[in-house]
Amino acid sequence: MTIDKYIGLPYKDNGRDTNGTDCWGLARLYYSQELNIDLPSYSTEYNGDTSENIKELISQHKENWTKVEVPETGDLVLFNIYGEPTHIGICVGDNNFLHSRDGKDSVIESLSSQQWDKRIAGFYKYSKKAMIQ
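Residues numbered from 1 in each chain as written. Predicted model: local features only at pLDDT ≥ 70, side-chain atom pairs only at ≥ 80, totals over all residues. Heavy atoms only, no water.

*Asks:* Can you help me understand the pattern of salt bridges in this one?
*Replies:* Opposite charge on two side chains permits pairing when their charged atoms draw close. Taken as a whole and judged by the stated rule, the model has five salt bridges. Measuring nitrogen to oxygen at the nearest pair gives 3.2 Å for the salt bridge that ties glutamate 34 to lysine 5. On the criterion of sequence distance, the pair formed by glutamate 34 in helix H1 (residues 23-35) and lysine 5 in the segment before strand E1 (16-17) is long-range, its members being 29 residues apart. The exposure class assigned to glutamate 34 is partly exposed, which follows from its relative accessible area of 25%. Here lysine 5 falls in the partly exposed class, since its relative accessible area comes to 44%. Here lysine 118 and aspartate 117 are joined by a salt bridge, their closest N and O atoms 3.7 Å apart. Sharing partners across several salt bridges, the network here consists of Glu72, Asp75 and Lys125. (Salt bridge = Lys/Arg side-chain N within 4 Å of Asp/Glu carboxyl O. Helix = DSSP H or I, 4+ residues; strand = E, 2+ residues; numbered from the N terminus. Buried < 20%, exposed > 50% of the residue type's maximum accessible area, 1.4 Å probe, protein only.)

*Asks:* Would you take a moment to explain the nonpolar core for this structure?
*Replies:* Core analysis: the biggest nonpolar cluster contains 21 residues, and Tyr6, Trp24, Tyr31, Trp65, Leu76, Ile90 and Leu98 have the highest contact counts within it. When contributions to this core are tallied by element, the ones reaching two or more residues are H1, strand E4 (76-81) and strand E5 (84-93). When residues of this core are assigned to their parent elements, the largest contribution, seven residues, is made by H1. Setting aside residues no more than four positions away along its own chain, isoleucine 90 makes contact with Leu26, Ala27, Tyr30, Gly74, Asp75, Leu76, Val77, Asn96, Phe97 and Leu98. Counting residues in hydrophobic clusters, the runner-up holds nine residues, among them Val68, Phe79, Cys91 and Phe97. (Core = buried A, V, L, I, M, F, W, Y, C linked by side-chain atoms within 4.5 Å. Contact = heavy atoms within 4.5 Å.)

*Asks:* Explanation requested: the packing of aromatic side chains in the structure shown.
*Replies:* Across all of its chains, the model carries eight aromatic pairs by this definition. Seen in terms of ring centroids, tryptophan 65 and tyrosine 126 are 5.0 Å apart; in terms of plane orientation they differ by 70°. Their pairing is edge-to-face. Of the two residues, tryptophan 65 is situated in strand E3 (residues 65-68) and tyrosine 126 in strand E8 (residues 120-126); the sequence distance between them amounts to 61 residues. Consider the rings of phenylalanine 79 and phenylalanine 97, whose centres lie 4.8 Å apart with planes at 45°: the pair is tilted. Placement of phenylalanine 79 in strand E4 and of phenylalanine 97 in strand E6 (residues 96-99) is noted, with a sequence separation of 18 residues between them. Taken as a pair, phenylalanine 79 and phenylalanine 97 share a single burial class, namely buried. Here the basic side chain of arginine 119 rests over the ring of tryptophan 116, its NZ or CZ set 5.4 Å away from the ring centre. (Phe/Tyr/Trp six-rings, centres within 6.5 Å; stacked < 30°, edge-to-face > 60°. Lys NZ or Arg CZ within 6 Å of the ring centre and 35° of its normal.)

Function cannot be read off these values alone, since they describe shape.
Spelled out as structure tokens, the structure:
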């Protein structure tokens, strides 16, 4: 896995490719290129204007995700921002995660840093379970 190609991508609200990504766009890009898993875009449902909207999208689309206690490389980490679970990062090993946030290029940071350790809402592993309807 070459994580370097994901570092320094510019932030773009609702961005879904290497020209710019938001946090979900970066996760989607990583999953597509590294794990050959096509995650939904949600670009039409997400308008970026409220954390309540983001929280609702996350809540509605957890069916293929299982919460895990010990994350592995490629698992997603969900963070609380202003008290709400609205930010996603990708675990990349060695207690680090990759993410993109408003106004900053994508970067790797430590899960145990003062900025992030108390904001962790959970770790999630993707599973291709069949949808029951």
